[in-house]
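An overview of the molecular structure
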Amino acid sequence: MTPEEQRFLLVGAGLFVLGAIGFITRRNLILMVLSAELMLHGVSLTLVTFGRMHQTNEGQAFTIFTLTVAACEAGLALSLVLSLYRKSHSLDIQLWSELRESDLSGPVLDSFGERGDATSSYENIPKLTPAGIAPKDPPRASTSASATTSTRT
Amino acid sequence: MMTWIQHHPMTIVGLVLWATGILWLMPGKKASKPRAHMIGVLIVALGLVTFCLSSGKAQSEFADDVMFWVFAIGALMSGVLMITARNPVYAALWFALATLSTCGLFLLQHAPFLAAATIIVYAGAVIVTFLFVIMLAQQSGAAGYDQRSSQSLFATISAFVLLGAISLTLQSEKIDIARPSLDVVDSSGASSAATENMGAAIIADLPSTDITPVMPGNVMSKADADHPVGNLKGLGKSLFGDYLFAVELAGTLLLVASIGAIAIAPRREQGAI
């Protein structure tokens, strides 16, 4: 590995790491998808460098397939983002961390920062039907307590 | 590892400066004023230059060196500014600049077709779609969730530990790669010395020897003296010869993805966005 190839690999690793930081830290849905694309750039650069190191065209051929998958991913991700935006009228990712049954306890959110403006503004989320039929007359206190816990789970 | 730290102190300093600048620039921190933002950008630029200077000297020409510095620092700097931008439109535009710089690096790697294809696909299609969606979804100006970042300290530290480990691996060990010499492989498929040895074992098992043995390695995509790496002819032979089924599959994937995107995206009769 010559130093010239080594520095191309370093730049590819840097792009990948930057995309990873952006994917973790940003809370905008679109920016997360963009950061994933930045990671793909780093991978493409690394693949091209590997192909040049081994004197084959396979690195470039594989990068073209990466490009194809990236284009598909961008289209699908953006249509998913649009349909999520229709439900919540916001691009905040933390709204969707509350995607759970309403009677369960919430997730531990962002314990190192503030909750932000993550107010859940969406309705019409589907609810699972509770399992089983609730007993008509609870015979004893202990079994009714276990019955209510079983309906919750 | 200690010898690596002793031999490459510039890399460590560059990485630390770079991470500090990213943390400084992250939304939700102090860098909301323009002057503080400029200080953060300067810290990142200093770290980047230090990191790139320490990443090994090449024996290439001076012009190639300058091109590499411009494209590498441009790509990494636009990446930093993209992930720290408070406005998503600016983030998309910085991503376009990072894409252009990456295409410049592709050109330096003798991949002109790839550079052109990446520019067409990304700058022509992906960025435009992203900008369209941003303007469709964020009509009410700056949103609160763009002004904060979640867990930026841990994310930056762990990511830069990863980057430091990668640079340690790349810089400390001599990785020897068995480079095929360019005159070994004959593009006409006539066997050279190396391929004959590999094919002999296969031929010995076959009942008739007049069948052309299928080589384990792809002969077509190997570069030779007539078709060096990055030659369009060699790349086309590789794509439409070795990877013909993969190309067809990629076309099918594009079709399926476009149908899926149309099916997932909100309809007009479901109301406005």
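So, here's what we can say about the structure.

It is worth spelling out the overall build of chain A at this point. Counting secondary structure elements, chain A contains four helices and zero strands. In sequence order, chain A lays out its α and β elements as α-α-α-α. Expressed as a percentage of its 153 residues, the buried residues of chain A come to 50%. Across chain A, contacts joining residues at least 24 apart in sequence account for 60% of those joining residues at least 6 apart. Accessible area of chain A: about 7300 Å², with a carbon and sulfur share of 62%.

Listed as interface residues are 101 residues of chain B and, on the opposing side, 75 residues of chain A. For the pair chain B and chain A, the summed buried surface comes to about 8000 Å²; carbon and sulfur atoms form 72% of the total. Across the contact surface, chain B and chain A share two salt bridges. For the salt bridge of Asp146(B) with Arg26(A), the shortest nitrogen-to-oxygen distance reads 3.7 Å. Across the chain B-chain A interface, the total number found is 13 residue pairs in polar contact (both at pLDDT 80 or more). At the level of secondary structure, the elements contributing two or more residues to the side of chain B that touches chain A comprise helix 2 (9-25), helix 4 (62-83), helix 5 (88-108), helix 6 (112-137), helix 7 (152-172), helix 9 (232-242) and helix 10 (244-264) of chain B. If you tally residues by element for the side of chain B that touches chain A, the top one is helix 6 of chain B, at 13 residues. Here the residues of the side of chain B that touches chain A are counted per class, giving 65 nonpolar, 29 polar and seven charged.

Relative to the 45 Å expected for 31 residues at 1.5 Å per residue, helix 3 (residues 58-88) of chain A spans 44 Å between its end C-alpha atoms, a close match to the ideal helical length. The positive-phi residue at the C-terminal boundary of helix 3 of chain A is His89(A), with phi of around 55°.

Once that is clear, we can look at the nonpolar core. Counting 80 residues, the largest nonpolar core has Leu18(A), Ile21(A), Leu91(A), Trp18(B), Ile22(B), Phe130(B) and Phe160(B) as the members making the most contacts within it. Each of domain 1 (2-172) and domain 2 (193-264) of chain B accounts for three or more of the residues forming this core. With residues up to four places along the chain from it excluded, the contact list for Ile21(A) reads Ile22(B), Met26(B), Ile83(B), Ala155(B), Thr156(B), Ala159(B) and Phe160(B).

Inspection of every chain in the model, using the stated rule, returns three salt bridges over all chains. With a shortest N-O distance of 2.9 Å, Asp65(B) and Arg7(A) are connected by a salt bridge. Within this pair, whereas Asp65(B) is found in helix 4, its partner Arg7(A) is found in helix 1 (residues 3-25), the two belonging to separate chains. In this structure, Asp65(B) and Arg7(A) share a single accessibility class: buried. Asp92(A) is paired through a salt bridge with Arg27(A); the nearest N and O atoms lie 3.0 Å apart. Taken together, the positions of Asp92(A) in the loop between helix 3 and helix 4 (141-152) and Arg27(A) in the loop between helix 1 and helix 2 (29-53) put the pair 65 residues apart, joining distant regions of the chain. Like Asp92(A), the residue Arg27(A) is buried in the burial classification.

With respect to the element layout, Ala137(B) can be found in helix 6. Among the residues examined, Ala137(B) registers a relative accessible area of 5% and is labelled buried. Excluding residues that lie within four positions of it along the chain, Ala137(B) makes contacts with Tyr85(A) and Leu91(A).

If you want to describe how two helices pack, look at the angle between their axes and the distance between the axes. It is at 11 Å that the axes of helix 2 of chain A and helix 5 of chain B come closest, and there the two elements cross at 5°. By the angle between their axes, helix 2 of chain A is roughly parallel relative to helix 5 of chain B. Taken together, the residues of helix 5 of chain B that come into contact with helix 2 of chain A (itself represented by Leu31(A), Leu34(A), Glu37(A), Leu38(A), His41(A), Ser44(A), Leu45(A), Val48(A) and Arg52(A)) are Pro88(B), Ala91(B), Ala92(B), Phe95(B), Ala98(B), Thr99(B), Thr102(B), Leu105(B), Phe106(B) and Leu108(B). A per-class count over the contact of helix 2 of chain A with helix 5 of chain B returns 13 nonpolar, four polar and two charged.

Rules behind the numbers
- Residues numbered from 1 in each chain as written.
- Chains lettered and ligands numbered in written order.
- Predicted model: local features only at pLDDT ≥ 70, side-chain atom pairs only at ≥ 80, totals over all residues.
- Heavy atoms only, no water.
- Helix = DSSP H or I, 4+ residues; strand = E, 2+ residues; numbered from the N terminus.
- Buried < 20%, exposed > 50% of the residue type's maximum accessible area, 1.4 Å probe, protein only.
- Contact = heavy atoms within 4.5 Å.
- Areas by Shrake-Rupley, 256 points an atom, 1.4 Å probe, with all protein chains shown as cover.
- Buried area = accessible area lost by both parts, 1.4 Å probe.
- Salt bridge = Lys/Arg side-chain N within 4 Å of Asp/Glu carboxyl O.
- Polar contact = N/O pair within 3.5 Å; in protein donor to acceptor, adjacent residues only side chain to side chain.
- Nonpolar A, V, L, I, M, F, W, Y, C, P; charged D, E, K, R; others polar.
- Expected span 1.5 Å × (residues − 1).
- Core = buried A, V, L, I, M, F, W, Y, C linked by side-chain atoms within 4.5 Å.
- Domains from an automatic or database assignment.
- Axes fitted to C-alpha atoms, helices over the stretch in contact; angles between N-to-C directions.
- Parallel < 35°, antiparallel > 145°, perpendicular 65-115°, else oblique.

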